[in-house]
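An overview of the molecular structure
Listed below are the residues making up each chain.
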Amino acid sequence: MSASSVSEPHLATKVMISMTHVEKWYGAFKALSDINLSVRQGERIVLCGPSGSGKSTLIRCINHLEAYQKGRIHVGGILLTDASSTINSIRREVGMVFQQFNLFPHLTVMQNCMLAPMRSLGLGKAEAATTARKYLDRVRILEQAEKYPAQLSGGQQQRVAIARALCMRPRVMLFDEPTSALDPEMVKEVLDTMIGLAEDGMTMICVTHEMGFARQVADRVIFMASGSIVEEAPPAQFFSNPTHERTKKFLGDILRKH
Amino acid sequence: MNYTLDFGPVIDALPSLLAGCLGTIGLAIGGMVLAIVIGIGGVILRDSRIRQIRWLVLAFVEIIRNTPFLVQIFFIYFALPLAGLRLDPTPTAIIALGINGGAYAIEIIRGGVQSINRGQIEAGLALGLRKAQVFRLIVLKPALRAIFPSLASQFVLLTLTTSVASAISAYELTSVGQRVESESFRSFEVFGTMTLFYLIISWLLMRVFGMITTRYFSYPVK
Ligand SMILES: Nc1ncnc2c1ncn2[C@@H]1O[C@H](COP(=O)(O)OP(=O)(O)O)[C@@H](O)[C@H]1O
Ligand SMILES: [Mg+2]
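Worth saying up front: this structure is predicted, and the values here are computed from it rather than measured.

What counts, and where the lines are drawn
Each chain has its residues counted from 1, running along the sequence as written. Naming scheme: in the order in which they are written, chains are lettered from A and ligands are numbered from 1. For a predicted model such as this one, the threshold for reporting local features is a pLDDT of at least 70, and the threshold for listing and counting side-chain atom pairs is 80 or more; totals across whole chains, interfaces and linings nevertheless cover every residue. Side-chain metrics rest on all non-hydrogen atoms present in the structure, leaving aside hydrogens and water. Going along the chain from the N terminus, every DSSP run of H or I of four or more residues is numbered as a helix, and every run of E of two or more is numbered as a strand. Expected span of a helix: the number of residues minus one, times 1.5 Å. Residue burial is assigned from relative accessible area. The probe radius is 1.4 Å, only protein chains are included, and a residue is buried under 20% of its type maximum, exposed over 50%, and partly exposed in between. The pLDDT score gives, residue by residue, the confidence of the prediction method on a 0 to 100 scale. Should DSSP find at least two bridges between two strands, the strands are taken to pair. We call a crossover right-handed when, viewed with the strands running away from us, the connection from the first strand over the helix to the second turns clockwise. Proximity is defined per residue: if any heavy atom of the residue lies within 4 Å of a molecule or strand, that residue is considered near it. For this analysis, a polar contact is any N or O atom pair within 3.5 Å, provided that within protein one partner can donate a hydrogen and the other can accept it, and provided that sequence-adjacent residues contribute only side-chain to side-chain pairs. What sets the accessible areas is the Shrake-Rupley method with a 1.4 Å probe; for residues, cover comes only from the shown protein chains. Gly falls in the polar group here, along with every residue not listed as nonpolar (Ala, Val, Leu, Ile, Met, Phe, Trp, Tyr, Cys, Pro) or charged (Asp, Glu, Lys, Arg). Lines fitted to C-alpha atoms define the axes, with helix axes restricted to the stretch in contact, and inter-axis angles between N-to-C directions lie between 0 and 180 degrees. Note on contacts: a residue pair is in contact if any heavy atoms of the two residues lie within 4.5 Å. Here the word oblique covers every angle except those under 35 degrees (roughly parallel), over 145 (roughly antiparallel) and from 65 to 115 (roughly perpendicular). Crossing handedness is defined as follows: a turn of the near helix away from the far one that is anticlockwise and smaller than a right angle gives a left-handed crossing, while the clockwise case is right-handed. Here, patches come from residues exposed beyond 30% relative accessible area and free of salt bridges, joined within 9 Å for like charges and within 5 Å for nonpolar side chains (Val, Leu, Ile, Met, Phe, Trp, Tyr). For salt bridges, the criterion is a side-chain nitrogen of Lys or Arg within 4 Å of an Asp or Glu carboxyl oxygen. UniProt positions are given in the numbering used here, feature names are shortened, and annotations may be inferred rather than shown by experiment. Side-chain atoms within 4.5 Å link the members of a nonpolar core, which is a set of buried Ala, Val, Leu, Ile, Met, Phe, Trp, Tyr and Cys residues.

Quick word on helix α6 (residues 154-166) of chain A
Between the first and last C-alpha of α6(A) there are 18 Å, a value that for 13 residues agrees with the 18 Å anticipated at 1.5 Å per step. Counting buried positions along α6(A) yields 13 of 13 residues, so the element is predominantly enclosed.

This is how it looks when you write it as structure tokens:
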């Protein structure tokens, strides 16, 4: 780890997320086993692996959309417990973007972006509106601010969802297959937005099978299978020299599909 | 048939019949407001962390939905005084209508809440909103929108059920009409006029629900 921080000068040494020996069970089914992961401030992680390998579960544990049963998760130095005050303070620092966008259908784009800053951070209306405009502009969708989600294309909705998360000024962004539900012609606009975020130094964990994106922005690619981290490496090494059989097979499948 | 129509007594009684209509509308509005409050509150409590509270809501819904309204209104009218609370017929009728409509509203609104995609709730939680905020700000409106037609027809039913309140002599159209009929013996004319008035009240109510739909629930969906 120290070796890579020398080669990647944009990375601070401050640890933003750490997971140690994390285990997650759904009833009798073990969805995560012995997860150890440390993400430094500004680091971009791409998480990939076959369907059902636990990628969503892993990132959903970080903002406690799923509870974990063993091990420890620290976010920004705070230990993530089951206490709702702790959970809420961590959720205010961690933005999440979902595969299905999950915009609120009864609120305009602008209202979608203002709701949580006002209700969760206690911002005033004017300040929340200024913040919303800033981030809507940043994802280049400000001109749609008064529309409702159903009036936007999938790509536009996902960019709004990114802006909505950014309006909380999070220190970490989690992406769960943000382009998987999109028509192919809309994937690029969302990826470009994410690349822009990465260039601005956002700490990101992205579950995605967009390997071009991984090559371009990831500091590390992590491969999961059956609830475990199987392999992690910088993208160049990950793609050209995967060490594990399952990684090789997975990469082969991905390349055939794309 | 040798019956000659004579609307004279009805026309003479028109002011009190119209006042009866206002009484009916008052009972209906009071009952609906209470039913909405019980409905939304019941939906929240039905998912309470405390098991006894969940059971209480469940028992309430089952009891109300499986007993006649007439019995309920008598029970409240005669049971409340035993508990030291003596209420006039009209407030009693509103409480009975609200309780009865509320039990149905719990089940209807619950259906709407369950129709909301889990992802909506997760998005709200991930933004740092508390569970109660997520319910109030994110779930409630789309849930009400989804079931509003069912809720509206339940409320039309509630409005027509106000006539049962004549059994405890609450002031409303049916009790006024019965009095007019018993004084004039013009049964056909009186009940015919009442039928027309009830139709108009129902129609007005549906207009209001239509306006609420346009005003509050007309955001576009896919
Ligand atoms: N709520 C749940 N209840 C039970 N099992 C679940 C639940 N969510 C996910 N799982 C299981 O956990 C495993 C990992 O799921 P997930 O994290 O969604 O995988 P991925 O995102 O990599 O496709 C899968 O086997 C899935 O069936
Ligand atoms: Mg997944």
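Re the confidence of the model for chain B
Residues and elements named next belong to chain B. Taken over all residues, the pLDDT of chain B has a mean of 94, while the share at 70 or more is 100%. For chain B, the element scoring lowest by mean pLDDT is helix α1 (residues 8-12), at 87; helix α6 (residues 118-126) scores highest, at 98. Confidence estimates for the predicted assembly give a pTM of 0.91 and an ipTM of 0.93.

So, the pairing of strand β7 (residues 172-176) of chain A
Within a regular strand, side chains alternate between the sheet's two faces. Residue and element names in this part refer to chain A. Of all five residues that make up β7, five are buried, and the element is covered over most of its length. Judged by which residues are buried, β7 turns out to be covered on both faces: V172, L174 and D176 on one side and M173 and F175 on the other are all buried. One ladder, built from four bridges, connects strand β6 (residues 94-97) with β7; its direction is parallel. Paired with V94 across the two strands is V172, which belongs to β7. Pairing of β7 with strand β8 (residues 203-207) involves five bridges; the strand directions are parallel. Bridging across to β8, L174 finds its partner in I205. Each parallel crossover has a hand, and for β7 linked through helix α7 (residues 184-199) to β8 it is right-handed.

Some remarks on the sheet that holds strand β5 (residues 78-79) of chain A
All names here are of chain A. One open sheet holds the four strands; their spatial order is β2-β1-β4-β5, and the pairing between them is antiparallel. Edge positions in the open sheet fall to β2 (29-40) and β5, since each of these has one partner strand only. Two elements, strand β1 (residues 15-26) and β2, share eight bridges in a ladder whose sense is antiparallel. Its bridge partner lying in β2, K24 is registered against L32.

Here we look at unusual backbone geometry
Residue and element names in this part refer to chain A. A positive phi is found at D34, a non-glycine position, where the angle reads about 45 degrees. Along the chain, the position of D34 falls in strand β2. The residue F101 is not glycine, and still its phi comes out positive at about 65 degrees. By relative accessible area, F101 is classed as buried at 11%.

A short note on the site of ligand 1
All names here are of chain A. In the region of ligand 1, the neighbouring residues are Y26, F29, A31, P50, S51, G52, S53, G54, K55, S56 and T57. In this structure, G52 approaches ligand 1 through a main-chain N or O atom, which is 2.7 Å from an oxygen atom. Contact between ligand 1 and S53: an oxygen atom at 3.2 Å from a main-chain N or O atom of the residue. Its free accessible area being 560 Å², ligand 1 has 59% of it covered by the protein chains. Counting residues per element, the ones that place at least two in the shell around ligand 1 are β2 and α2 (55-62). Broken down by element, the residue count for the shell around ligand 1 peaks at three residues, all from α2. Grouping the amino acids of the shell around ligand 1 by side-chain chemistry returns four nonpolar, six polar and one charged.

Some remarks on the sheet that holds β8(A)
Residues and elements named next belong to chain A. The mixed open sheet is built from six strands, whose spatial order is β6-β7-β8-β3-β9-β10. Every other strand in the sheet has two partners, leaving β6 and β10 (228-233) as the edge strands with one partner each. Mean inter-strand twist for the sheet, computed between neighbouring axes without regard to direction, equals 20 degrees. Where α2 meets the sheet, it contacts β3 (44-48), β6, β7, β8 and β9 (220-225), and its direction lies at approximately 155 degrees from that of β7.

Some remarks on the packing of helix α4 (residues 109-119) of chain A against α6(A)
Residue and element names in this part refer to chain A. It is at 8 Å that the axes of α4 and α6 come closest, and there the two elements cross at 25 degrees. Taken together, the axes of α4 and α6 are roughly parallel relative to one another. Crossing angle aside, the handedness with which α4 passes α6 is right-handed. Seen from α4, the contacting residues are V109, N112 and C113; seen from α6, they are V160, A163 and R164. A breakdown of the residues in the contact of α4 with α6 according to their chemical character gives four nonpolar, one polar and one charged.

So, a nonpolar patch on the surface
Residue and element names in this part refer to chain B. Judged by side-chain polarity, Y3, L5, F7, I11 and F188 come together as a nonpolar surface patch covering roughly 520 Å² of accessible area. When you line up the elements, F7 lands in the segment before α1. For F7, a relative accessible area of 36% corresponds to the partly exposed category.

What about the UniProt feature "transmembrane region" (unreviewed entry) in chain B?
All names here are of chain B. In the UniProt entry, the feature "transmembrane region" (unreviewed entry) is given for residues 17-45, 57-80, 92-109, 146-170 and 190-209. Helix makes up 100% of residues 17-45 and strand 0%. Its end C-alpha atoms lie 41 Å apart. Taken end to end, residues 57-80 has its terminal C-alpha atoms 20 Å apart, with 88% of it in helix and 0% in strand.

A few points about the nonpolar core
Core analysis: the biggest nonpolar cluster contains 81 residues, and A:M19, A:L58 and A:I205 have the highest contact counts within it. Broken down by element, the residue count for this core peaks at 15 residues, all from helix α7 (residues 131-161) of chain B. For A:L58, the residues in contact, after removing those within four places along its chain, are A:M19, A:L32, A:I35, A:L37, A:L47 and A:M224. Membership of the second largest hydrophobic core comes to 54 residues, among which are A:A145, A:C167, A:L182 and A:V190.

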